[in-house]
Amino acid sequence: MLELQRKLLRQHAHNEGNRVLEIPLPSTVELPEPLDSFGRMVVAWGLSYPPTEIGQINSMRDIEDIPPPAKVDRGGLSPSKEEV
């Protein structure tokens, strides 16, 4: 099931950055019968909260990019083309 979800995300979202996470069933949860799709129950439970208690979702365009790391001067420790 998880592999099918990943395949569908790659095919339709055109984004390799999606992560599908398996939500483990906590050992403290007692259920009357086995539950194969615990993750679906967790999502449904989360959606049962009022919108004011869920939190805010920010669009990617509203989040500033992280600057690339500064280049480090290795003081000649890297081999040159001639040394390789």
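Residues numbered from 1 in each chain as written. Predicted model: local features only at pLDDT ≥ 70, side-chain atom pairs only at ≥ 80, totals over all residues. Heavy atoms only, no water.

Asker: Any chance you could explain the overall build of the chain here in plain terms?
Answerer: Summing up its helical and strand segments, the chain has two helices and zero strands in all. Burial analysis of the chain (84 residues in total) assigns 2% to the buried set. Per element, the accessible surface of the chain, about 8,800 Å² overall, is 56% carbon and sulfur. (Helix = DSSP H or I, 4+ residues; strand = E, 2+ residues; numbered from the N terminus. Buried < 20%, exposed > 50% of the residue type's maximum accessible area, 1.4 Å probe, protein only. Areas by Shrake-Rupley, 256 points an atom, 1.4 Å probe, with all protein chains shown as cover.)

Asker: So what exactly am I meant to see when it comes to a nonpolar patch on the surface here?
Answerer: A surface patch of nonpolar side chains, about 360 Å² in accessible area, is lined by L25, V29, L31, L35 and M41. Here L31 falls in the partly exposed class, since its relative accessible area comes to 33%. (Patch = residues over 30% accessible without salt bridge, like charges linked within 9 Å, V, L, I, M, F, W, Y side chains within 5 Å. Salt bridge = Lys/Arg side-chain N within 4 Å of Asp/Glu carboxyl O.)

Read these as spatial facts, not as claims about activity.
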